[in-house]
Amino acid sequence: MDFRLTDDQRALRQGVRALLEGRFGREGLRAAVDRAEGRPPGGGRVLDRGLWRELGAAGFFALRLPESEGGVGLGLPEAVLAFEEAGRVLLPGPLVATHLAAGVVPGAAGGEVVVTSADGWLAGGGRAEECLAEGGAAGGGAAARGLAGGGLVEWLDEADVVRGDATGAVRLASVDPLTPLHRLPAGADGRSAGGALRAARTPDRLVASLLTAAEQLGSASRTCESAVQHARTREQFGRPVGAFQAVQHLCADMLARVETARAAVYAASVTANPADIAAARLLADEAAVRGARDCLQVHGGMGFTWESDVHLHLKRAWVRTHRAGGVTQSEEELADDLVARTV
C-alpha cells in the first residue's frame with residue numbers, strides 16, 4: 001500500500017497552511033492570547049467568528065460531508081491533514097466538535113455556528129489538574145469540588161450549540177489561555193468502565209481521537225522546527241548551541257517522535273481501525289508533550305518567558321491529552337485488542 005500523499009492531498013495541505021498562516025499567524029495567535037488574558041472570567045468573546053466563517057467557507061468543517069449534502073466529499077486522510085495544519089498554528093476553538101456536527105447541526109458546516117460537545121466523547125477522566133492554571137476551579141467552593149467531577153467541556157461559554165447535557169458544568173481556570181474549560185458533574189455520562197470502552201469505539205469518538213492526534217502531530221512538528229531553528233541561530237561560547245551534542249540529541253529525539261507519530265496517524269486515517277487510532281493517539285500525545293518540553297530545554301531560559309510561543313504549545317498539548325478519552329482510553333483500547341488477538 002502506498003502511503004505517500006497524492007498531488008491533491010499535498011495541494012490541500014498547502015492551501016490550508018496558507019489560509020491559516022495568512023489569517024492566524026504569530027501576530028494573530030498573540031492577539032488572541034492577549035484578548036483571552038484581558039477578558040473577565042466568563043465574559044467577552046475570544047473566538048474570532050470571522051475566521052470561523054472563513055474556515056467554513058473554505059470547507060474545513062465540511063471536508064468529510066458528502067457533496068450531495070453540500071460538503072467537500074473527501075475522507076478521513078484529508079481531514080487529518082487539515083487538522084494537522086490547525087495544530088501547527090494552535091488554532092483555537094472547538095474544531096473537532098464543529099467538524100463532527102457538520103451535516104447534523106444546521107450552520108456548522110459553513111462556520112455560521114460554533115458547536116461544542118458535552119456528551120462525554122470530548123473528555124476523559126484522569127488528572128484534570130494538569131489542565132488547570134494556578135488556583136484550579138474559578139470561584140472556589142462548589143467550583144473547587146467540581147474538580148472531582150466528570151469530563152471536560154471546551155468553549156462552553158462561546159458555543160452556539162452544545163451537543164449533550166452541560167447542566168451543572170463548573171467553569172475552570174484552564175492552563176491554556178485559548179482553551180476555556182468547564183467540568184461536568186460526576187457521573188454525568190452514566191457509563192460503567194465497560195460502557196466507556198464500547199462508547200470509545202463509536203464513529204464520532206474514533207474520529208475525535210484521530211483528529212486530536214492530528215492536531216498534536218502538527219504542534220509537535222512546529223515545536224521541533226522551532227527547536228532546530230533556535231539551535232542553529234543561538235550562539236553560546238562563540239558557536240551555535242546546536243553544535244553541542246546534548247542539544248543535538250534533544251532535537252534528534254524530537255524528530256524521531258514526530259516522524260513515528262506521523263506514520264501512525266496517517267496510517268490510522270487510512271485503516272480507521274480502533275487499535276490503530278489508539279496507537280496513533282498515544283504516539284501523537286507523547287510527541288506533542290515531550291516535544292514541547294524538549295523545545296523549552298533547547299530554548300533555555302528564553303523558552304520559559306511569556307513572549308515565547310513554546311509554552312503555549314505545551315499547555316495546549318496538555319489539554320488535548322484529556323480529549324476523547326485521553327491516554328487511559330487509548331491504552332485500554334490497545335489492551336482489549338491485544339487480548340482479542342491472543343484468546
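Along each chain, the written sequence defines residue order, and numbers are assigned to residues from 1. Local features in this predicted model are restricted to residues whose pLDDT is 70 or higher, and side-chain atom pairs enter the listing and the counts only when it is 80 or higher, whereas totals over whole chains, interfaces and linings include all residues. With hydrogens and water set aside, each side-chain value is computed from the structure's full complement of heavy atoms.

Some details on the overall build of the protein
So, point 1. Numbered from the N terminus, helices here are DSSP runs of H or I no shorter than four residues, and strands are runs of E no shorter than two. Looking only at helices and strands, the protein has 12 helices and 8 strands in total.
So, point 2. Exposure categories follow from relative accessible area, calculated using a 1.4 Å probe and restricted to protein chains: below 20% of the type maximum is buried, above 50% is exposed, and the middle band is partly exposed. Residue burial in the protein is summarised as follows: out of 343 residues, 51% are buried.
So, point 3. Here, two residues are considered to be in contact whenever any of their heavy atoms come within 4.5 Å of each other. Nonlocal contacts in the protein, meaning residues at least 24 apart in sequence, comprise 76% of its contacts between residues at least 6 apart.
So, point 4. What sets the accessible areas is the Shrake-Rupley method with a 1.4 Å probe; for residues, cover comes only from the shown protein chains. Per element, the accessible surface of the protein, about 15,200 Å² overall, is 52% carbon and sulfur.

A word on the side chain of Ser 219
So, point 1. By the element assignment, Ser 219 lies in helix α8 (residues 203–233).
So, point 2. Setting aside chain neighbours within four positions, we find Ser 219 in contact with Gly 87, Arg 88, Leu 90, His 313 and Arg 320.

Focus on the packing of α8 against helix α9 (residues 245–271)
So, point 1. Axis definition: a line fitted to C-alpha atoms, limited for helices to the stretch in contact. Angles are taken between N-to-C directions and run from 0 to 180 degrees. Following both chains from N to C, one finds α8 and α9 inclined at 155°, their axes separated by 9 Å at the closest point. By the criterion of interaxial angle, the relationship of α8 to α9 is roughly antiparallel. Handedness of the crossing formed by α8 with α9: left-handed. Facing Leu 210, Ala 213, Ala 214, Leu 217, Ala 220, Ser 221, Thr 223, Cys 224, Ala 227, Val 228 and Ala 231 of α8, the residues of α9 in contact are Val 247, Cys 251, Met 254, Leu 255, Val 258, Ala 261, Arg 262, Val 265, Tyr 266, Ala 268 and Ser 269.
So, point 2. In the contact of α8 with α9, the residues fall into 18 nonpolar, 3 polar and 1 charged. Angular relationships are summarised with four words: roughly parallel below 35 degrees, roughly antiparallel beyond 145, roughly perpendicular across 65 to 115, and oblique for the angles in between. A clockwise turn of the near helix away from the far one marks a right-handed crossing, whereas an anticlockwise turn of less than a right angle marks a left-handed crossing. Gly is placed with the polar residues, together with every amino acid not listed as nonpolar (Ala, Val, Leu, Ile, Met, Phe, Trp, Tyr, Cys and Pro) or charged (Asp, Glu, Lys and Arg).

Side note on the state of the cysteines
So, point 1. Disulfides are defined in this document as cysteine sulfur pairs within 2.5 Å. Inspection of every chain in the model, using the stated rule, returns 0 disulfides.
So, point 2. The thiol sulfur of Cys 224 is not disulfide-bonded, and the nearest other cysteine sulfur, from Cys 251, lies at 6.8 Å.
So, point 3. Since its relative accessible area comes to 8%, Cys 224 is described here as buried.
So, point 4. In this structure Cys 295 is a free cysteine whose sulfur lies 8.2 Å from that of Cys 251, the closest cysteine sulfur available.

So, the packing of helix α4 (residues 76–88) against α9
So, point 1. Two numbers describe how α4 lies on α9: the axes approach to 7 Å, and their chain directions differ by 145°. α9 is crossed by α4, and the crossing has right-handed handedness. For the pair α4 and α9, the contacting residues are Leu 76, Pro 77, Val 80, Leu 81 and Glu 84 in the first and Arg 262, Val 265, Tyr 266, Ser 269 and Val 270 in the second.
So, point 2. Looking at the contact of α4 with α9 residue by residue, the classes come out as 7 nonpolar, 1 polar and 2 charged.

Regarding the pattern of salt bridges
So, point 1. Salt-bridge detection follows one rule: a side-chain nitrogen of Lys or Arg within 4 Å of a carboxyl oxygen of Asp or Glu. Under the criterion given, the structure shown has 19 salt bridges.
So, point 2. Arg 88 is paired through a salt bridge with Glu 85; the nearest N and O atoms lie 3.8 Å apart. One end of the pair, Arg 88, and the other, Glu 85, are both in helix α4, 3 residues apart, so they sit about a helical turn from each other.
So, point 3. With a relative accessible area of 7%, Arg 88 lands in the buried category.
So, point 4. Relative accessible area serves as the criterion here: at 2%, Glu 85 is assigned to the buried category.
So, point 5. Asp 294 is the partner of Arg 257 in a salt bridge, and the nearest nitrogen-oxygen pair spans 2.5 Å. Pair noted here: Arg 257 is in helix α9 and Asp 294 is in helix α10 (residues 274–299), with a separation of 37 residues, a long-range link.
So, point 6. By relative accessible area, Arg 257 is classed as buried at 12%.
So, point 7. A cluster of three or more residues bridged by salt bridges with shared partners is formed by Arg 17, Glu 85, Arg 88 and Glu 225.

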